[in-house]
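Given next are the chains, with one letter for each unit.
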Amino acid sequence: MSTMKKINPTLHSAVASAALPLTHVRSRTKPWFDSNKKPFSTLLELDLEKTVKQAGENVREALIIDGKPQFYTIMRGALQQVLFEQLPLDASQRAKFRRTLSGISFSDVEKGIMCHFDNGDIEGPFDLVVGCDGIKSAVKEYIERGEISTAGEERARETIYSGIRIQYAVADGTSQKDEINLPESAELRQYFGDGAYVLVGTYGAGNNTAPVRSAFLIFLDENYFGPFKRGVTKKALVPSKVSENADWTQDVENSGARADFMARIEESGTPKFEIAPIVDSADRFFELGVYFHNPFSLTGWNKKVGTNGNCYCVLAGDAAHALPPFLGQGANQAIQDAYSLASTIRKFNTMLDESNGSSWTNISLEGLLNDYEKRRWARTTSISIKAALLGYLETGSAGFLSKFRDSFFFVAGLSGLARSIFLDGATPYY
């Protein structure tokens, strides 16, 4: 959110109005002792305002704006709508949807990059093509292979299936605004079981729109040991094609998903007192596998197109670094990519303006794009590794692994490690 403030204060205000301020994060597990009168044992609790105000000056300056900590919850669809509505008019009028990039070429006649689409359209010329097209990025495939496959099968093979799956139960708020009291803030609560856990929360769904209650069940694919497929498999869970990380598809339902969701809760022993009401009232269910990219790529995030001039393709967001979702940093890091890349482009344009009319080919855009990659690669790779490890830790199976997980979270809460991990991921780095 603080990055959005830098990009455009009006955009920041619009997103804040559509979202809910996040105040606390709580981690809970099934009772450690039979005598426990509560349906859960508390492992850690983070008061986010207190956490950030006790941090160092640099963190406070980055994460507090006008006295308010910049932590919010919002549904992906609502965020996308706000981002589109806040585009300058000339940009929003040029936006085109439901087209798939099928090729990239350089035109000697047009002196720029031409983008080819599946419907036969050709757009261009462009000096720079920014690939923000997700984990199955066609632009990433072009950077790595010099071409874009028709079926996208090569892109699918480049992704890594984590062996972790997520079931989503989404309960929409009522549209009758006058009949409800809209909450002023939100909390996120984790409930751990054996081999699974559930994240429960309330999410902003737009300005003056009733919020959405969601329960996300994260569990291990029994056919996999981490990212490795077992020799003997059980019921197939893995889709035949790679799904987007946390695609948050707004209109997909899975018949039988409600019963399946609750069956996994029962099997894992996850405390269900807060989960069951959301699942019972949920309007939509869907399931996705968690995929990510190997961050150690030899090709990098950019590629020159054509032999003359400064024409490049460059990556940002999941196209560059698909992150496991367990630290909640996917959208945050993508927005920081956007700010960092925009700053890079502005620096290049300033150099052009100061070049006194000399040829722009004498100024290296490649060096600036490499600097952008270096800044963001180290940050996102660190978060990706931490998030992957956290995902496997949080889904520890019955016995030693689940007890170790509970103990780790309990100690992390007491020692301040949880606060450090949270603030490290939340603090912007451009």
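Since the model is a prediction, treat every value here as computed from it, not as a measurement. (Residues numbered from 1 in each chain as written. Predicted model: local features only at pLDDT ≥ 70, side-chain atom pairs only at ≥ 80, totals over all residues. Heavy atoms only, no water.)

Re the overall build of the chain
For step 1, the next point in the chain: Each helix and strand counted, the chain has 15 helices and 18 strands in total.
For step 2, the next point in the chain: Scored against the burial criterion, the 430 residues of the chain give a buried share of 46%.
For step 3, the next point in the chain: Within the chain, contacts between residues separated by at least 24 positions form 69% of all contacts whose residues are at least 6 apart in sequence.
For step 4, the next point in the chain: Working note: accessible area of the chain is about 22000 Å², and carbon and sulfur atoms make up 52% of it. (Helix = DSSP H or I, 4+ residues; strand = E, 2+ residues; numbered from the N terminus. Buried < 20%, exposed > 50% of the residue type's maximum accessible area, 1.4 Å probe, protein only. Contact = heavy atoms within 4.5 Å. Areas by Shrake-Rupley, 256 points an atom, 1.4 Å probe, with all protein chains shown as cover.)

Some remarks on the pairing of strand E8 (residues 122-126)
For step 1, the next point in the chain: Sheet analysis places strand E7 (residues 112-117) next to E8, joined by three bridges and oriented antiparallel. Residue pairing across strands places Ile 113 opposite Phe 126, the latter belonging to E8.
For step 2, the next point in the chain: Taking the residues that link successive antiparallel strands as the turn, the E7-E8 hairpin has four residues, and the phi of Gly 120 there is positive, at about 95°. (Pairing = 2+ DSSP bridges.)

Things to note about the pattern of salt bridges
For step 1, the next point in the chain: If you walk through the whole model with that rule in mind, you get 20 salt bridges.
For step 2, the next point in the chain: Residue Arg 284 pairs with Asp 172 through a salt bridge whose shortest N-O separation is 2.4 Å. One end of the pair, Arg 284, is in strand E16 (residues 284-293); the other, Asp 172, is in the loop between strand E10 (159-171) and strand E11 (186-192), with 112 residues separating them in the sequence.
For step 3, the next point in the chain: Take Asp 172: its relative accessible area is 37%, and that puts it in the partly exposed class.
For step 4, the next point in the chain: Ionic pairing is found between Arg 189 and Glu 187, a salt bridge with its closest N-O pair at 2.9 Å.
For step 5, the next point in the chain: Residues participating in the shared-partner salt-bridge network are Arg 26, Glu 45, Glu 187, Arg 189 and Glu 274. (Salt bridge = Lys/Arg side-chain N within 4 Å of Asp/Glu carboxyl O.)

Re the side chain of Ser 340
For step 1, the next point in the chain: Along the chain, the position of Ser 340 falls in helix H12 (residues 330-353).
For step 2, the next point in the chain: Side chain to side chain, Ser 340 and Arg 375 meet in a polar contact 3.0 Å long.
For step 3, the next point in the chain: Ignoring anything within four residues of it in the chain, the contact list for Ser 340 reads Tyr 372, Arg 375, Arg 376 and Tyr 430. (Polar contact = N/O pair within 3.5 Å; in protein donor to acceptor, adjacent residues only side chain to side chain.)

Some details on the sheet that holds E8
For step 1, the next point in the chain: Overall, antiparallel pairing links the three strands, which are arranged E6-E7-E8 in an open sheet. A single partner strand is all that each edge strand has here, and the edge strands are strand E6 (101-107) and E8. Strand-to-strand, the axes of this sheet are offset by a mean angle of 20°, without reference to chain direction. (Axes fitted to C-alpha atoms, helices over the stretch in contact; angles between N-to-C directions.)

Some remarks on the packing of aromatic side chains
For step 1, the next point in the chain: Overall, the coordinates contain 18 aromatic pairs when judged by the stated rule.
For step 2, the next point in the chain: Between Tyr 168 and Phe 286 the ring centres are 4.6 Å apart and the planes differ by 10°, which places this aromatic pair in the stacked class. Here the residue Tyr 168 occupies a position in strand E10, and Phe 286 occupies one in strand E16, the gap between them amounting to 118 residues. Like Tyr 168, the residue Phe 286 is buried in the burial classification.
For step 3, the next point in the chain: Each ring, one from Phe 400 and one from Phe 404, has its centre 5.9 Å from the other, and the planes form 25°; the classification is stacked. Of this pair, Phe 400 and Phe 404 are both found in helix H14 (residues 400-415), four residues apart, which corresponds to roughly one turn of the helix.
For step 4, the next point in the chain: For Phe 400, a relative accessible area of 64% translates into the label exposed.
For step 5, the next point in the chain: Take Phe 404: its relative accessible area is 42%, and that puts it in the partly exposed class. (Phe/Tyr/Trp six-rings, centres within 6.5 Å; stacked < 30°, edge-to-face > 60°.)

Description of a nonpolar patch on the surface
For step 1, the next point in the chain: Together, Trp 32, Phe 33, Phe 410, Val 411 and Leu 414 make up a nonpolar patch on the protein surface, roughly 520 Å² of accessible area in all.
For step 2, the next point in the chain: Summarising the element assignment, Trp 32 is placed in the loop between strand E1 (20-29) and strand E2 (41-47). (Patch = residues over 30% accessible without salt bridge, like charges linked within 9 Å, V, L, I, M, F, W, Y side chains within 5 Å.)

Thoughts on the pairing of strand E18 (residues 312-315)
For step 1, the next point in the chain: Here E18 shows a buried face lined by Tyr 312 and Val 314 and a second buried face lined by Cys 313 and Leu 315.
For step 2, the next point in the chain: Note: strand E9 (residues 128-131) against E18, four bridges, orientation parallel. Residue pairing for E18: Val 129 is matched across the bridge by Cys 313.
For step 3, the next point in the chain: The sheet contact formed by strand E17 (residues 302-304) and E18 spans three bridges and is antiparallel. Its bridge partner being in E18, Lys 303 is matched across the sheet by Cys 313.

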